[in-house]
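The residues making up each chain are set out below.
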Amino acid sequence: AQKVTQAQTEISVVEKEDVTLDCVYETRDTTYYLFWYKQPPSGELVFLIRRNSFDEQNEISGRYSWNFQKSTSSFNFTITASQVVDSAVYFCALSEINGGATNKLIFGTGTLLAVQP
Amino acid sequence: EAGVAQSPRYKIIEKRQSVAFWCNPISGHATLYWYQQILGQGPKLLIQFQNNGVVDDSQLPKDRFSAERLKGVDSTLKIQPAKLEDSAVYLCASSLSIGTVSYEQYFGPGTRLTVT
């Protein structure tokens, strides 16, 4: 069964601290995609990153970095030098290809990140 | 480039009433999705369209929910009759055509529905 687990319900840090958001997934497929989305208080889901199951290279984008490890079925997200504007709910999501029939996103329950000034 | 548009942004209705939500996807995006997000949870797919055909509606409560995308562009999601447990944010998303690649989905601002 497809499942995404974000064990951290809430995280609170002080500005400029580094913070890592954990994501563990379950899938029987060999071909799949992983995503991270940000949902600020305004409510709109903002796309952050997409990785496919064949690309385990870590990625860095500014203060954001992602660590994908198939051996542990994890796709963790690190924010370096956090800022108040990073405060939001962060969702990890999984999409399977299913032969092109559907690519719905299976979301985790989200991690609420609060960055204190 | 314009994003995904949704209306209304907020709606309050009484149980057993009907309600409809509208979505206009990003231009050129063949795939359109409706998700339901209950407070404190991640979004859950209700229905997925590829152009004007339904790809996945396995989690759509078909006794009360319906959706259409007649011309392969705009879409409407309807609830009739509404129940208290339908209170949620309804999110519309769009992406490039599916196939062997799962493209990122871009979400609209959502419609917050409160059923009293």
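In this text the structure is predicted, and so the values were computed from the model without any measurement.

Trainee: Explain the overall build of chain A here, please?
Mentor: Each helix and strand in chain A was counted, giving 0 helices and 12 strands. Rg of the C-alpha trace for chain A: 14 Å, near the compact-globule value of 13 Å for 117 residues, within the 12% margin. Looking at chain A residue by residue over its 117 residues, the buried ones come to 46%. Carbon and sulfur atoms form 49% of the exposed surface of chain A, whose accessible area is close to 5500 Å². Across chain A, the mean location of the 9 positive side-chain charges is 5 Å away from that of the 13 negative side-chain charges.

Trainee: Help me understand the layout of surface pockets, please; the structure alone is not making it clear to me.
Mentor: One water molecule sets the probe size; rolling that probe over the atoms shows where empty space is left. Empty space within the largest pocket amounts to approximately 640 Å³. Lining the largest pocket are 31 residues, and of these Gln39(A), Gln37(B), Leu39(B), Gly40(B) and Arg112(B) lie nearest its centre. If you list the elements that add at least two residues to the lining of the largest pocket, you get strand S10 (88-96) and strand S12 (111-116) of chain A together with strand S9 (88-95) and strand S11 (111-115) of chain B.

Trainee: Can you help me understand the nonpolar core in this one?
Mentor: Here is a general trend for soluble globular proteins: nonpolar side chains tend to be buried in one another's company. Ranked by internal contacts, the top residues of the largest apolar core, which has 24 residues, are Trp36(A), Trp66(A), Phe77(A), Tyr90(A) and Leu113(A). Of all the secondary structure elements, the ones that give two or more residues to this core are strand S2 (10-14), strand S3 (19-21), strand S5 (32-39), strand S6 (46-52), strand S8 (64-69), strand S9 (74-79), S10 and S12 of chain A. Core analysis: the next-biggest nonpolar cluster, separate from the first, contains 21 residues, Cys23(B), Ile26(B), Ile79(B) and Tyr90(B) among them.

Trainee: What should I look at first to understand the interface of chain A and chain B in this one?
Mentor: Often, the extent of an interface is quoted as the loss of accessible area upon association of its parts. Every contact between the two is made by 21 residues of chain A and, on the other side, 27 residues of chain B. On the chain A side of the interface with chain B, the three residues burying the most area are Leu45(A), Asn103(A) and Lys104(A), jointly 27% of the side's total. Taken together, the connections running from chain A to chain B amount to 2 salt bridges. Between Asp56(B) and Lys104(A) there is a salt bridge whose closest N-O contact spans 3.9 Å. If you list the elements that add at least two residues to the side of chain A that touches chain B, you get S5, S6 and S10 of chain A. Among the elements that make up the side of chain A that touches chain B, the one with the highest residue count is S5(A) (4 residues). Class assignment of the residues belonging to the side of chain A that touches chain B gives a composition of 10 nonpolar, 8 polar and 3 charged.

Trainee: What am I meant to see in the environment of Ile79(A) here?
Mentor: Residues and elements named next belong to chain A. Turning to its location among the elements, Ile79 is positioned in strand S9. Taking the C-alpha atoms as reference points, Ile79 and Asp18, separated by 61 residues in sequence, lie 5.7 Å from one another. With residues up to four places along the chain from it excluded, the contact list for Ile79 reads Glu17, Asp18, Val19, Arg63, Tyr64, Asp86, Tyr90 and Leu113.

Trainee: In this structure, what is going on with the sheet that holds strand S3 (residues 19-24) of chain B? I would like to understand it.
Mentor: In a beta sheet, neighbouring strands are held together by backbone hydrogen bonds and run either parallel or antiparallel to one another. Residue and element names in this part refer to chain B. Ordered by their spatial adjacency, 4 strands build an open sheet running S1-S3-S8-S7, and the pairing between neighbours is antiparallel. In this open sheet, the two strands that pair with only one neighbour each are strand S1 (5-7) and strand S7 (65-68). The sheet shows a mean angle of 15° between the axes of neighbouring strands, direction not considered.

Trainee: Quick question: what am I supposed to make of the packing of aromatic side chains here?
Mentor: Geometry of an aromatic ring pair is reported as the spacing of the ring centres plus the angle between the planes. The full count for this structure, using the stated rule, is 21 aromatic pairs over all chains. With a centroid separation of 5.2 Å and 90° between ring planes, the pair formed by Tyr64(A) and Phe77(A) is classed as edge-to-face. You can see Tyr64(A) sitting in strand S8 and its partner Phe77(A) sitting in strand S9, a full 13 residues away along the chain. Relative accessible area serves as the criterion here: at 15%, Tyr64(A) is assigned to the buried category. Ring geometry for Phe91(A) versus Phe107(A): centroids 6.0 Å apart, planes at 90°, classification edge-to-face. On the criterion of sequence distance, the pair formed by Phe91(A) in strand S10 and Phe107(A) in strand S11 (residues 106-107) is long-range, its members being 16 residues apart. Each of the two residues, Phe91(A) as well as Phe107(A), counts as buried. Joined through ring pairs, the aromatic side chains of Phe35(A), Tyr37(A), Phe47(A), Phe91(A), Phe107(A), Tyr33(B), Tyr35(B), Tyr106(B) and Phe107(B) make up one cluster.

Calculation notes
- Residues numbered from 1 in each chain as written.
- Chains lettered and ligands numbered in written order.
- Predicted model: local features only at pLDDT ≥ 70, side-chain atom pairs only at ≥ 80, totals over all residues.
- Heavy atoms only, no water.
- Helix = DSSP H or I, 4+ residues; strand = E, 2+ residues; numbered from the N terminus.
- Rg over C-alpha atoms; globule rule 2.2 N^0.38 Å.
- Buried < 20%, exposed > 50% of the residue type's maximum accessible area, 1.4 Å probe, protein only.
- Areas by Shrake-Rupley, 256 points an atom, 1.4 Å probe, with all protein chains shown as cover.
- Lys, Arg positive; Asp, Glu negative; His and termini not counted.
- Charge placed at Lys NZ, Arg CZ, Asp CG, Glu CD.
- 1 Å grid on protein atoms, 1.4 Å probe; cavity = no way out; pocket = protein on both sides within 12 Å on 5 of 7 lines; lining within 4 Å.
- Points joined across faces, edges and corners; volume = space filled by probe spheres on them.
- Core = buried A, V, L, I, M, F, W, Y, C linked by side-chain atoms within 4.5 Å.
- Contact = heavy atoms within 4.5 Å.
- Buried area = accessible area lost by both parts, 1.4 Å probe.
- Salt bridge = Lys/Arg side-chain N within 4 Å of Asp/Glu carboxyl O.
- Nonpolar A, V, L, I, M, F, W, Y, C, P; charged D, E, K, R; others polar.
- Pairing = 2+ DSSP bridges.
- Axes fitted to C-alpha atoms, helices over the stretch in contact; angles between N-to-C directions.
- Phe/Tyr/Trp six-rings, centres within 6.5 Å; stacked < 30°, edge-to-face > 60°.

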